[in-house]
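Observations on the model geometry
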Amino acid sequence: MSENLKKRNDVYKKLIPFLGKEMPYTFFNSPQPALGLTHKIHPLVEGIYKPAESSYPLCIASMLASPYADKIFYNKDGTWWMFYSKKTGPIEGAVNQSLVRAMREKVPCLIIKQTVKEGGSKYRVLGFGLIESYDSAQGLFKISELPSDQIGACVCCRLCAHRDFCGRACAV
């Protein structure tokens, strides 16, 4: 596994306890030394955060005030899926290509949704999502929640050649 993917797995592993929780913006846009996170999870300036050294987006944020057509849908079983707009500009741009690469290689991304804007923004950690498809006519990606049976010991096995966070071979 590349060093880049190992770092990504380490971040995701530390975020599992926060799935479904609402957190202040400072949790995402500042390092969290208590969790061993030396880099921000998302700067919250734009919706898609792809660290410079990464080929994939680390975190995607759905903002309350957005010029995009993003929309989250909730299934009866409590899972979610969403349409997420590409960044303005050509699909060949670096950030948009990171979404395409994550879709093609089935690399999960952390998905957060802004729940409070005024008086200190808050974001709900929706979970890990897989980019399933891209509609070029509408400029929308379809992202679905990673099934809960793949979260925990094996949330990112797709990232690490079928090895879970503990280093064991996984069943997927």
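Structure: above.
Below: a short report on this structure. Just so it is clear, the model here is predicted, and its values are computed rather than measured. (Residues numbered from 1 in each chain as written. Predicted model: local features only at pLDDT ≥ 70, side-chain atom pairs only at ≥ 80, totals over all residues. Heavy atoms only, no water.)

**Comments concerning the layout of surface pockets**
Quick note on the threshold: As defined here, a cavity is a set of points on a 1 Å grid over the protein atoms alone where a 1.4 Å probe fits but cannot get out. A pocket is an open set with protein on both sides within 12 Å along at least five of seven lines, and residues line them when an atom is within 4 Å of a point. Grid points are joined across faces, edges and corners, and a volume is the space filled by probe spheres set on the points. In this text, helices come from DSSP runs of H or I with a minimum length of four residues, and strands from runs of E with a minimum of two, each type numbered from the N-terminal end. Lys, Arg, Asp and Glu make up the charged group, whereas Ala, Val, Leu, Ile, Met, Phe, Trp, Tyr, Cys and Pro make up the nonpolar group; the residues left over, Gly among them, are polar.
Counted as a void, the largest pocket has a volume near 440 Å³. Together, 19 residues line the largest pocket, and Lys7, Arg8, Val11, His39 and Glu53 are the ones closest to its centre. Sorting elements by how many residues they give to the lining of the largest pocket places helix 1 (residues 3-15) first, with seven residues. Here the residues of the lining of the largest pocket are counted per class, giving seven nonpolar, five polar and seven charged. Along the wall of the second largest pocket there are 18 residues; nearest its centre are Val45, Glu46, Gly47, Met63 and Tyr68.

**Some thoughts on the pattern of salt bridges**
Here is the rule we go by: Salt bridges are defined by distance alone: a side-chain nitrogen of Lys or Arg within 4 Å of a carboxyl oxygen of Asp or Glu. Per-residue accessibility, obtained with a 1.4 Å probe over protein chains only, is compared with the maximum for each type, and a residue is labelled buried under 20%, exposed over 50%, and partly exposed between these values.
Taken as a whole and judged by the stated rule, the model has three salt bridges. Measuring nitrogen to oxygen at the nearest pair gives 3.1 Å for the salt bridge that ties glutamate 46 to lysine 87. In this pair, glutamate 46 sits in the loop between helix 2 (25-29) and strand 2 (48-49) while lysine 87 sits in the loop between strand 5 (80-85) and helix 3 (94-105), placing the two residues 41 residues apart along the sequence. The class of glutamate 46 is partly exposed, set by a relative accessible area of 39%.

**Notes on the state of the cysteines**
This is how it is decided: Put simply, a disulfide is two cysteine sulfurs that come within 2.5 Å.
What the rule picks out here adds up to zero disulfides. For cysteine 59, which is in no disulfide, the shortest distance to another cysteine sulfur is to cysteine 109 and amounts to 8.6 Å. Given a relative accessible area of 0%, cysteine 59 falls into the buried group. A relative accessible area of 1% places cysteine 109 in the buried class.

**Quick notes on helix 3**
Spelled out, the test is: Helix span, as expected, comes to 1.5 Å for every residue beyond the first. Note on contacts: a residue pair qualifies if any of its non-hydrogen atoms lie within 4.5 Å across the two residues.
Between its first and last C-alpha, helix 3 extends 16 Å over twelve residues, near the 16 Å set by a 1.5 Å rise per residue. Of all the residues in helix 3, the buried ones are Val95, Asn96, Ser98, Leu99, Val100, Ala102 and Met103. Check the buried side of helix 3 and you find it contacts strand 2, strand 3 (59-62), strand 6 (109-116), strand 7 (122-135) and strand 8 (140-145). Among the residues trailing helix 3, lysine 106 stands out with phi positive, at a value near 55°.

**A look at unusual backbone geometry**
One non-glycine residue, leucine 44, lies in the positive phi region at around 65°. Summarising the element assignment, leucine 44 is placed in the loop between helix 2 and strand 2. Exposure remark for leucine 44: the relative accessible area of 14% places this residue in the buried category. The phi dihedral of lysine 106 falls on the positive side, at around 55°, and the residue is not glycine.

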